[in-house]
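Letter by letter, the chains look like this.
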Amino acid sequence: MDMQEAKNSKEEAEVRHFQTVKQSFKAYQQHTLLAWESVYPKYAGLEMRHRVLLQGMEDHFAAIRRCVAANFEVLSNIGDPQAHNLFKNQPSIIENQFQAFIPSEGDIDKVRSTLRHLVRDWSQEGAPERDTCYSPLIREIEATFPLNECNRADIRVLVPGCGLSRLAWEINQRGFCVQGNEMSLYMLMASDFILNRTETLNQYFIYPWVHQTTNVLRRSDALREVRIPDVNTAQPALNAGDFSMIAGSFPEIYSIDEQQAKWQCVVTSFFLDTAVDIFQYIETIYHILPIGGHWINLGPLHYQQADLDLSLEDIKTVVTSLGFDIVSEDLIPTTYSSNPRSMLKVTYQSAFFHAVKTGRRPDVIERAPPSSAIRLPVPPEVFPTNSARLASDVDVPQDD
């Protein structure tokens, strides 16, 4: 394959991925209602003497349909490509159309996850979770760069894996120059919607728990209304610094020479365990910080796609061996996109640490060639997998 063919193939993959995301937002209502309609015959099939014990169930099904319709109205706005600034440099992304398809359950689940993330990042109901997950990071960065000792507008802060951008926005509101980086197009489109296309406090309402059918305390809990956003993003703080967003893979975008020592601080929240190669993440953070630069982290190690699942002890060994000093650390109980009224709650003992780049590395690391990995034979029955990621200049990243 020559360079032009590779470029065309890459552009086609980007367009197809965008169409997948767009179709997923469009298919949410139909897909969700079909799932609920499959439940109704089970209720209707109950013996009358049992069915009469479930007073109001017919009304509950009708309320479910109204909640899904309300969600769809918001999701349609999020998924409308014409309303986005995300693709202004790539009109072909919007104009190209491929044959319609039915999104998979996994695609629709990412849409449902977007609703839960809207609660976590941009609602009053998500405030307790943000207080445990974001506040320790914000307090640490404010203590590191006090107002009376620096001009925060000159402090460049990077927030990779920023999700729906609330943490990045909060840091920016405190005067810092902030850039968020995110891989998921679902998250990027929802971020753009909140940050650039909402005008008032609590402008929209969603019903994020309508999909939950297990571990439900009360039937009415599934119908709870959540208002978003809980702040007016159209009116930033007077002292807010520059704020930007970059789409794509963190290692690919920030490992280039132009990014070396460009950032004074990196803030990572629930990010390390998203890595395929965690060494690559840490090396990239090292690369973009100057000597004396700060890395502030909080999150669990709930690996999803890592080549190697490292313990926290191992990670701290890697961090200090690759040229950082850990100046403070703690374990903080946290949840993640949790339903406050669910009977099931998962609590992480999240690792908090503040590391400072010293540049001191053991000689053995400096001398080791990059290609010194142990090569293992590949069994012939193992199928090859496509682990390609979009390049750093791509505006439409692939979701894992």
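Residues numbered from 1 in each chain as written. Predicted model: local features only at pLDDT ≥ 70, side-chain atom pairs only at ≥ 80, totals over all residues. Heavy atoms only, no water.

**Student:** Just to check I follow, could you spell out the pattern of salt bridges for this structure?
**Tutor:** Oppositely charged side chains may form a pair once their charged atoms are brought near each other. Applying the stated criterion across every chain yields a total of 18 salt bridges. Across the salt bridge formed by E142 and R174, the nearest N and O atoms sit 3.6 Å from each other. You can see E142 sitting in helix α8 (residues 135–144) and its partner R174 sitting in the loop between α9 (166–173) and β2 (177–182), a full 32 residues away along the chain. For E142, a relative accessible area of 27% translates into the label partly exposed. Residue D230 is joined to R166 by a salt bridge in which the shortest nitrogen-to-oxygen separation is 2.8 Å. Taken together, the residues span a long stretch of sequence, with D230 in the loop between β4 (226–228) and β5 (243–247) and R166 in helix α9 at a distance of 64 residues. Classification of D230 as buried rests on a relative accessible area of 15%. Here the salt bridges do not stand alone but share partners, grouping R130, E142, R152, R166, E170, R174 and D230 into one network. (Salt bridge = Lys/Arg side-chain N within 4 Å of Asp/Glu carboxyl O. Helix = DSSP H or I, 4+ residues; strand = E, 2+ residues; numbered from the N terminus. Buried < 20%, exposed > 50% of the residue type's maximum accessible area, 1.4 Å probe, protein only.)

**Student:** Any chance you could explain the sheet that holds β2 here in plain terms?
**Tutor:** Hydrogen bonds between backbone atoms are what pair the strands of a sheet, whose relative direction is either parallel or antiparallel. Pairing is mixed in the open sheet, where seven strands are placed in the order β5-β2-β1-β6-β7-β9-β8. Each having just a single partner strand, β5 and β8 (324–334) make up the two edges of the open sheet. Mean inter-strand twist for the sheet, computed between neighbouring axes without regard to direction, equals 15 degrees. Pairing analysis gives six bridges linking strand β7 (residues 294–299) to strand β9 (residues 348–357), with the strands arranged antiparallel. Among the inter-strand pairings, G299 is bridged to a residue of β9, identified as A351. (Pairing = 2+ DSSP bridges. Axes fitted to C-alpha atoms, helices over the stretch in contact; angles between N-to-C directions.)

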